[in-house]
Structure formats: structure tokens, C-alpha cells
Amino acid sequence: MKQELRSYQRFLDGDHEGLCEIIDTYKDGLILYLNSFLNDLSLAEELAEDVFVKLVLKKPHFSGRSAFKTWLYAIAGNIARDHLRLRKRQPLSLEEYHHDEEAVSLEETYIHQEEKMRLHQCMKQLKAEYRQVLWLAYFEDFSHRQISKIMKKSTHSIETLAYRARLALKQILIKEGFSYEDQ
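A quick note: this is a predicted structure, and the numbers were derived from the prediction, not measured. (Residues numbered from 1 in each chain as written. Predicted model: local features only at pLDDT ≥ 70, side-chain atom pairs only at ≥ 80, totals over all residues. Heavy atoms only, no water.)

### What to know about the pattern of salt bridges
For the structure on display, the rule yields five salt bridges. The partner of Lys69 in a salt bridge is Glu140, and the shortest N-O contact between them spans 3.7 Å. Note that Lys69 is positioned in helix α4 (residues 68-89) and Glu140 in the loop between α6 (128-139) and α7 (144-151), a separation of 71 residues in sequence. A salt bridge links Glu129 to Lys153; the nearest nitrogen and oxygen atoms lie 3.3 Å apart. Taken together, the residues span a long stretch of sequence, with Glu129 in helix α6 and Lys153 in the loop between α7 and α8 (155-175) at a distance of 24 residues. On the basis of relative accessible area, Glu129 is assigned to the partly exposed category, the value being 29%. Residue class for Lys153 comes out partly exposed when judged on its relative accessible area of 33%. (Salt bridge = Lys/Arg side-chain N within 4 Å of Asp/Glu carboxyl O. Helix = DSSP H or I, 4+ residues; strand = E, 2+ residues; numbered from the N terminus. Buried < 20%, exposed > 50% of the residue type's maximum accessible area, 1.4 Å probe, protein only.)

### A short note on the packing of aromatic side chains
Taken as a whole, this structure holds 10 aromatic pairs when the rule is applied. An angle of 50° between the planes, with centres 5.6 Å apart, marks the rings of Tyr8 and Phe68 as tilted. Here Phe68 lies in helix α4 and Tyr8 lies in helix α1 (residues 3-12), a separation of 60 residues in the sequence. Grouping residues by exposure puts Tyr8 and Phe68 together as buried. Seen from their ring centres, Trp135 and Phe139 are 4.2 Å apart, and the 25° between their planes marks the pair as stacked. Taken as a pair, Trp135 and Phe139 lie in helix α6 at a separation of four residues, close to a single helical turn. Relative accessible area serves as the criterion here: at 6%, Trp135 is assigned to the buried category. Overall, Phe139 belongs to the partly exposed group, its relative accessible area being 37%. An aromatic cluster is built from Tyr8, Phe11, Tyr26, Phe62, Phe68 and Trp71, whose rings are joined through pairwise contacts. (Phe/Tyr/Trp six-rings, centres within 6.5 Å; stacked < 30°, edge-to-face > 60°.)

### Some details on the packing of α6 against α8
Orientation of α6 relative to α8, taken along the N-to-C sense of each, is 100°, at an axis distance of 9 Å. With respect to α8, the element α6 is oriented roughly perpendicular. Across the interface between the two elements, Glu129, Tyr130, Val133, Leu134 and Tyr138 of α6 pack against Ile158, Leu161, Ala162, Arg164, Ala165, Arg166, Ala168 and Leu169 of α8. Along the lines of polarity and charge, the residues of the contact of α6 with α8 split into 10 nonpolar, no polar and three charged. (Axes fitted to C-alpha atoms, helices over the stretch in contact; angles between N-to-C directions. Parallel < 35°, antiparallel > 145°, perpendicular 65-115°, else oblique. Contact = heavy atoms within 4.5 Å. Nonpolar A, V, L, I, M, F, W, Y, C, P; charged D, E, K, R; others polar.)

Pasting the structure below:
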């Protein structure tokens, strides 16, 4: 049994340190994953908290048919989709137009940070499911099979989606002036 499963089982048995270990391990990754298709870091943080609140309140059963991380990210994806569905029904508020500015990096990492920000800006131009599949594959290192469980699509659909997402991102990067080299 892997560590996160032991931690979750300890939490279910009443040891709250088990939940703290899960939060410490997955909080940052969940926030970044959620932000990849919400494009709102503060909302992503709130929804990541909702994932852990759901674990506390509902104590869902982990069947073991997938990796614990895959299961947790699928819960996060469901919460995000529910939020987006509800948001479509509600009128927009002025708060949704407010964006926090990113802190300026130290001089020695400035160029690297600029490239990362440009890449994220280019990714924002992609369709939501393209951003999601690229984020899961390249930033979270999920396999296509794991992504298919998270996004509730067939593995073949994920492979096709990832291919199309890479092509779309490549076109945006070229248009934005990135030099693209196959390595």
C-alpha cells in the first residue's frame, strides 16, 4: 500500500495527521491543475480546498481501481466542472475581472520566468480541454490512461485530444514568436 493510501486510511480511522499529509502532498499540484482550465488562481485555490473539504465531510470510498492521485484529481475535475456549470447560470460580477499581478522574479531567473509566463499566456488561448490535457500530461506527468479517468474520456480520445492540443499550442507559439525546434 502506498503512503498516500496509508495516510487516507489513517484519516478514515480518525487520525487527522493522515489528512494533513495528503494536503501537504497534493495541495500545490491540485491548485495548478485547477488553474490550468479555470484561469483564476484564487478560484483554483478555493476549489482545491473544496476537494479536501469533500474528503473530510463525505469521506468518499477509494476503490483502488486507479492511483490515489488520479482519483483525487478526478474529484477535483468534477468539482471544477460543477463550478463552471453553475457559473454559466449566474451573472458575472466585477470581481471576476480583477486579476492579481505576479511577483517579479529575481534577476538571475527573470528570463526563465518570462518564458514561462509567455507559455502560460499562450496556453490560455487554447480551448479549456486542450489546456487541461496538456497540463495533466506535461506538468503533472499523468499517463494518457490516467488522464482518461480524470477527464472521463476514452484513452484514444485523450491521445487524439493531446495531439490536437500540441498542434494548436505549436501554432500559437509560432504566431507569438517562439522558435519551435523538434528535439
